[in-house]
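# Analysis of the macromolecular model
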Amino acid sequence: FEESITPMTVRTMLSSSHVDEKIKGSKWLLAMMSKGRDVHTFFPHCVKNVSSPSVLLKKLTYIYLIHYSSHPSNRSTSLLAINSFQKDLMASNQLIRALALRVLCSLKVTDILQIQLLSLKKCVADTSPYVRKCAANAIPKLRHFSNDPLFVQTLLNITVKLLDTDQSTMVLGSAVTAFIELTDDYSLLHGSYRKLCQLLADMDEWSQVSVLGVLAGYARRFFKSPGKGRAEVIDDEKRRGRVSDINFVPTKDEGRREEERKEKVELPERTRKKIKRRVVRKAFYSDESDESSVESVYISDDDDVHTPHLPQPSTFSNMATTSNYETMDSDEHLCADHRLLLRSSLPLLRSRNSGVVLAVCSLHYYCGVSSIPSRQSIGKALVRIHRDRREISYVVLQAIRFLVVPAPSAFTPFLNEFFVKADDPGFARLAKLDILTALALNHQSVDAVLRELRTYIRHDDKSFVKASVRAVGRVAGQFCRSVFNGENVAINCLKGLGVLIVASRHGDVVGEAVCECRRILQAVKLGGGGEWFDAGDPENVRTEILRRMLLLLMSHLGDGGEDVEIEPNAYSEVELPNEAVASCLWVFGEWATHPSGDFDVVTKNGDGYRGEVLRLVAKKFPSLDSEVKLQAIHVASKVLLQGSTGKDLPEYILNLGNLDVDHDVRDRARFESGILSSSIGLSGDNSSAPSTNSGDTGLTTTSLLNMGEDEGSETPPPPTPVETTAPVPKSLSREDAVSIITSLKPPPMTAAVKPEDVNSFRFGTISALVGQKADGYDDLPDWAAEDSPAELRDPVKEDPSRQADPFGGVFGTSDNPAPYKDSNGVGDNYRDSSSSDSDSDSDSSSSSSSSSSSS
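Residues numbered from 1 in each chain as written. Predicted model: local features only at pLDDT ≥ 70, side-chain atom pairs only at ≥ 80, totals over all residues. Heavy atoms only, no water.

## Topic: the overall build of the chain
How we decide: In this description a helix means any DSSP run of H or I spanning at least four residues, a strand means any run of E spanning at least two, and both kinds are numbered starting from the N terminus. Throughout, a residue-residue contact means that at least one pair of heavy atoms, one from each residue, lies within 4.5 Å. Each accessible area value is a Shrake-Rupley result obtained with a 1.4 Å probe; residue values ignore everything except the protein chains displayed when judging cover.
On a plain count of helices and strands, the chain comes out with 37 helices and four strands. Across the chain, contacts joining residues at least 24 apart in sequence account for 69% of those joining residues at least 6 apart. A total of about 42,100 Å² of accessible surface is found on the chain, and carbon and sulfur atoms cover 51% of it.

## What about the nonpolar core?
Put simply, the rule reads: Side-chain atoms within 4.5 Å are what join buried Ala, Val, Leu, Ile, Met, Phe, Trp, Tyr and Cys residues into a set we call a nonpolar core. Note on classification: 1.4 Å probe, protein chains only; a residue is buried when its accessible area is under 20% of the maximum for its type, exposed when over 50%, partly exposed between these limits.
Of all hydrophobic cores here, the largest spans 210 residues; its most connected members are Tyr-64, Leu-120, Leu-382 and Phe-411. Contact partners of Phe-411, with chain neighbours within four places excluded, come to Gly-379, Leu-382, Val-383, Ile-400, Leu-403, Val-404, Phe-418 and Leu-439.

## Remarks on the pattern of salt bridges
Convention followed: By definition here, a salt bridge exists when the distance from a side-chain nitrogen of Lys or Arg to a carboxyl oxygen of Asp or Glu is within 4 Å.
Evaluated as defined, the whole model comprises 25 salt bridges. Glu-590 is the partner of Lys-638 in a salt bridge, and the nearest nitrogen-oxygen pair spans 2.4 Å. Of this pair, Lys-638 sits in helix 30 (residues 626-642) while Glu-590 sits in helix 27 (residues 578-592), placing them 48 residues apart in sequence. With a relative accessible area of 2%, Lys-638 lands in the buried category. On the basis of relative accessibility, which here comes to 11%, the residue Glu-590 falls in the buried class. Close ionic contact of Glu-612 with Arg-615 constitutes a salt bridge, the shortest N to O distance being 2.9 Å. Here Arg-615 and Glu-612 lie together in helix 29 (residues 606-620), a separation of three residues that amounts to about one turn. Both residues of the pair, Glu-612 and Arg-615, belong to the buried class.

## Thoughts on the environment of Ala-476
You can see Ala-476 is positioned in helix 23 (residues 462-478). Note on Ala-476: relative accessible area 0%, which makes it buried. Each C-alpha atom, one on Ala-476 and one on Cys-493, is 6.2 Å from the other, the two residues being 17 residues apart in sequence. Filtering out sequence-adjacent residues up to four positions away, Ala-476 remains in contact with Ala-490, Cys-493 and Ile-520.

## Overview of the environment of Leu-441
With respect to the element layout, Leu-441 can be found in the loop between helix 21 (426-438) and helix 22 (443-456). Taking the C-alpha atoms as reference points, Leu-441 and Lys-238, separated by 203 residues in sequence, lie 7.0 Å from one another.

## Regarding the confidence of the model for the chain
Convention followed: Every residue gets a pLDDT, meaning the predictor's confidence in that residue, from 0 to 100.
Counting all residues, the mean pLDDT for the chain is 75, and 70% of those residues have values of 70 or more. Counted against residues more than four places away or in other chains, residues 277-292, with its pLDDT under 50, gives 23 contacts. Confidence drops under a pLDDT of 50 for residues 297-327, and excluding neighbours within four residues, the segment shows 48 contacts in the predicted structure.

## Quick word on the state of the cysteines
Filter applied, for reference: Working definition: a disulfide is two cysteine sulfur atoms within 2.5 Å of each other.
Across all of its chains, the model carries zero disulfides by this definition. Lacking any disulfide linkage, Cys-105 is separated from the closest cysteine sulfur, that of Cys-123, by 7.6 Å.

## Points about the packing of helix 20 (residues 390-403) against helix 21
Defined as follows: Only the contacting stretch of a helix is used when fitting its axis, a line to C-alpha atoms as for every element, and angles between N-to-C directions run 0 to 180 degrees. Each angle gets one of four labels, with under 35 degrees taken as roughly parallel, over 145 as roughly antiparallel, 65 to 115 as roughly perpendicular, and the rest as oblique. Crossings are classed by handedness, with left-handed meaning an anticlockwise turn of the near helix from the far one by less than a right angle and right-handed meaning a clockwise turn. Residues are grouped as follows: Ala, Val, Leu, Ile, Met, Phe, Trp, Tyr, Cys and Pro are nonpolar; Asp, Glu, Lys and Arg are charged; all remaining types, including Gly, are polar.
For the pair helix 20 and helix 21, the least separation of the axes is 10 Å and the interaxial angle reads 20 degrees. When the axes of helix 20 and helix 21 are compared, the pair comes out roughly parallel. The way helix 20 lies across helix 21 gives a crossing that is left-handed. Contact residues: helix 20 offers Arg-390, Ser-393, Tyr-394, Leu-397, Gln-398, Ile-400 and Arg-401, while helix 21 offers Phe-427, Ala-428, Ala-431, Lys-432, Asp-434 and Ile-435. Looking at side-chain class alone, the contact of helix 20 with helix 21 contains seven nonpolar, two polar and four charged residues.

## Looking at a nonpolar patch on the surface
Quick reminder of the rule: Patches draw on residues past 30% relative accessible area with no salt bridge. Two like charges within 9 Å are joined, as are two nonpolar side chains (Val, Leu, Ile, Met, Phe, Trp, Tyr) within 5 Å.
Together, Tyr-394, Ile-766, Leu-769 and Val-770 make up an exposed nonpolar region whose accessible area comes to about 350 Å². Sorting elements by how many residues they give to the nonpolar patch places helix 36 (residues 766-770) first, with three residues. The residue Ile-766 is located in helix 36 in this model. We classify Ile-766 as exposed; its relative accessible area is 58%.

## Focus: the packing of helix 8 (residues 113-124) against helix 9 (residues 129-143)
Their axes nearest at 8 Å, the elements helix 8 and helix 9 cross at an angle of 150 degrees. Judged by the angle between their axes, helix 8 and helix 9 are roughly antiparallel. For the element pair helix 8 and helix 9, the recorded crossing hand is left-handed. Contact residues: helix 8 offers Gln-116, Leu-120, Cys-123 and Val-124, while helix 9 offers Val-131, Arg-132, Ala-135, Ala-138, Ile-139 and Leu-142. The class makeup of the residues in the contact of helix 8 with helix 9 is eight nonpolar, one polar and one charged.

## A word on a negative patch on the surface
Rules: The charge count includes Lys and Arg as positive and Asp and Glu as negative, but it does not include His or the ends of the chains. Note on charges: their place is set at NZ of Lys, CZ of Arg, CG of Asp or CD of Glu.
On the surface, a cluster of negative charge is contributed by Asp-184, Asp-185, Asp-778 and Asp-779. As for its placement among the helices and strands, Asp-778 is situated in the loop between helix 36 and helix 37 (826-854).

## What about the packing of aromatic side chains?
Selection criterion: Here a pair means two rings of Phe, Tyr or Trp (six-membered ring of Trp) with centres within 6.5 Å. Their orientation is stacked below 30 degrees between planes, edge-to-face above 60, and tilted elsewhere. In this scheme, the term charge over a ring applies when either NZ of a lysine or CZ of an arginine sits within 6 Å of the ring centre and within 35 degrees of the ring normal.
Following the criterion strictly, the structure yields 15 aromatic pairs and no others. Ring centres of Tyr-62 and Phe-85 lie 6.0 Å apart, and the angle between their planes is 50 degrees; on these two criteria the pair is classed as tilted. Of the two residues, Tyr-62 sits in helix 4 (residues 55-68) while Phe-85 sits in helix 6 (residues 82-88), which places them 23 residues apart along the sequence. You can call Tyr-62 buried: its relative accessible area is 0%. Ring geometry for Tyr-365 against Phe-763: centres 5.7 Å apart, planes inclined by 75 degrees, an arrangement best described as edge-to-face. Of the two residues, Tyr-365 is situated in helix 18 (residues 354-367) and Phe-763 in the loop between helix 35 (755-758) and helix 36; the sequence distance between them amounts to 398 residues. Each member of the aromatic cluster is reached from another via a ring pair, and the members are Tyr-193, Tyr-218, Phe-222 and Phe-223. In this structure, Arg-11 is placed above the aromatic ring of Phe-42, and the distance from its NZ or CZ to the ring centre is 4.6 Å. Its end group placed over the ring of Tyr-193, Arg-793 keeps NZ or CZ at 6.0 Å from the ring centre.

## Some words on the environment of Ser-207
Structurally, Ser-207 can be placed in helix 13 (residues 205-222). For Ser-207, a relative accessible area of 8% puts it in the buried group. Sequence separation between Ser-207 and Thr-177 is 30 residues, and the spatial gap between their C-alpha atoms is 7.7 Å.

## Let's talk about the side chain of Ser-767
With respect to the element layout, Ser-767 can be found in helix 36. With residues near it in sequence (within four places) discarded, Ser-767 still touches Phe-761, Gln-772, Lys-773, Ala-774 and Tyr-777.

## Side note on helix 23
Definition in use: A helix is expected to span 1.5 Å multiplied by its residue count minus one.
The terminal C-alpha atoms of helix 23 lie 24 Å apart, and with 17 residues this matches the ideal 24 Å at 1.5 Å per residue to within 8%. The buried count for helix 23 comes to 13 of 17 residues, which makes it a mostly enclosed element.

Here it is, written out as structure tokens:
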């Protein structure tokens, strides 16, 4: 447009007697609208052009009116043009009829609600599918104009009648969208269920998404559960086998029986036999002839020519016979209508629209048979669309991230697809790490994942490096008792993390590696029945990790010890985060107080190191973080229970905790002080609660902080405590206190996606994406106890007595369609009144147009 065009010029163009000038002015308005500018002030000049005989001008005018007809300043002017809108509902051009209905239904005025309803009813019976589609799209608009139950029921009757009688896929998609806005009563879809399934592939893409969601709810409400398929059973067995490595604490007898059982298992030898089969090579084009040949192949006795080799049925506890195992992988036991839905939607996995593919995957996961071919089709489709644009890739990767936990078999063949690429954005890298750790199910995948993670720790993005370190910890925690290729997985991960601790000079990365080492050590100790060392660590990797963590702790708190076989100042430049310091303290407390005495053997001066660490902790206790203080109190309690070191420093740390400003630290200190006071007794006890006065011990702060300055000197004996009036009665034995404070605890859960989170929301929805229930989200219904009768879904037959009004009951409820019972009475009267109304509307519209033109 010319730059010389001004708003005054546009008003002159819109009021011109030449159609070309009006079209030019209307195009300028639409151009301004596309730029986001507010042009509602031109509404009075533009609304007059509705009565123009030019079809192009009508289209441009209606596009403008759709946007600004509901503007508060234009509402009165829009009401004056209602007669013109109603007249255009009978225009010969279907686009004009549809645009007139869209403008009329955009007016949010209660007084014209009945006029809008009459116009909707007229367009619903239109011969043009496009007009009927616009009428179906107008139903949700009118639903928000009024909450009257009778009005809502009227709209629902129109929608259900559209679903039952209309055959156009263009109309059915919009009708299903309107149905979702109106109700969640899936019983109203009985008559249109089979038609929707059969026409699903012919609908437009976004209609397919809506229809798939509705049909999924219908299937859950009226069909019974298909049961577990082979893929689901295999996934459950793999998941239980992996979790048992973490949560099972075997005794010595159980461990010996397990080893004997493994040694006695002998796999039968497979015999190979030669068979002949015909191989058909399909031509690239369908009109060319196919080529076939006979080839000889060797197969095993227990192999199937058509299906991959699977575990035997005896490995699954919930399957008794082979025949039952074989029938779980087909859908023949399902209801015929249930099979119709699954089979008609399966080809849509090849759709180019990612939303359709996600909807089909969701339908087959929640409503289909969890067979191996079905799960592989779902995984293949999701892997294909995750390579799309960034925003689509994010949604699909999050869906895979949630789906890979309950159904890893769907993505196991595509492990290499989730390796991080150089051009992957940050969110894709983090999501792929979670997927890779979930797919680490056997020794092949574990080796591949660990090799891939080893390359990620050299990445420039330190947040991604930390996430990679956490992924290594998750893999090690899942297989803390597993040995692949003669090497323990957890020990192998510890070895790599130990190298990272020495090589890296980035504090956050080293701290993350320390935390993961602590989790792995905790899992290994729990899996080993509380023992730190066993025959599974011939290279003493755990001993080396413990020494490095001790040196890190002492370097952070003060000067390192000289007796540790690592350079004392190796970590002087590394600033550990608080979580890493707390992890080092926990490891020190578990290792230094272990009854085996390995700490004294490894460090060659166990009492000296215990006293030095306690001295450094006591010296820096007021400046430590609350998380570190909690571990310091726990370490002091363990040292007191062990009894190999003096009681003065540990009791001093407990007294500092009793007076700390943080209530969590005070509670923990007083809790453990009470246990120790009731079991072994503390210096200065004169009541049932531990003393909080540091002067009762006869020590000064200076003397305590200067203890152990010389590494070679022995720890000075504690001064004689002040005599108390009466000793505290002991109500706990030493064994009880040890079991309370030093009992084995399970390692923290480090799973990227917890199983309970997977079942919270359907994957692929916005609620699953944001982690909370979004507006419009509805949970899937529970499965029905039995399949509903197939007769319910027979197509609706047209009633010949209601041909005069095919949408009977529009002004009443479905139970009381009295106004349209008599086709010769009320129906004819309505038809006469509507025609007379249209005549009067045309007269009034012509008069209004003449008056507007004269003005």
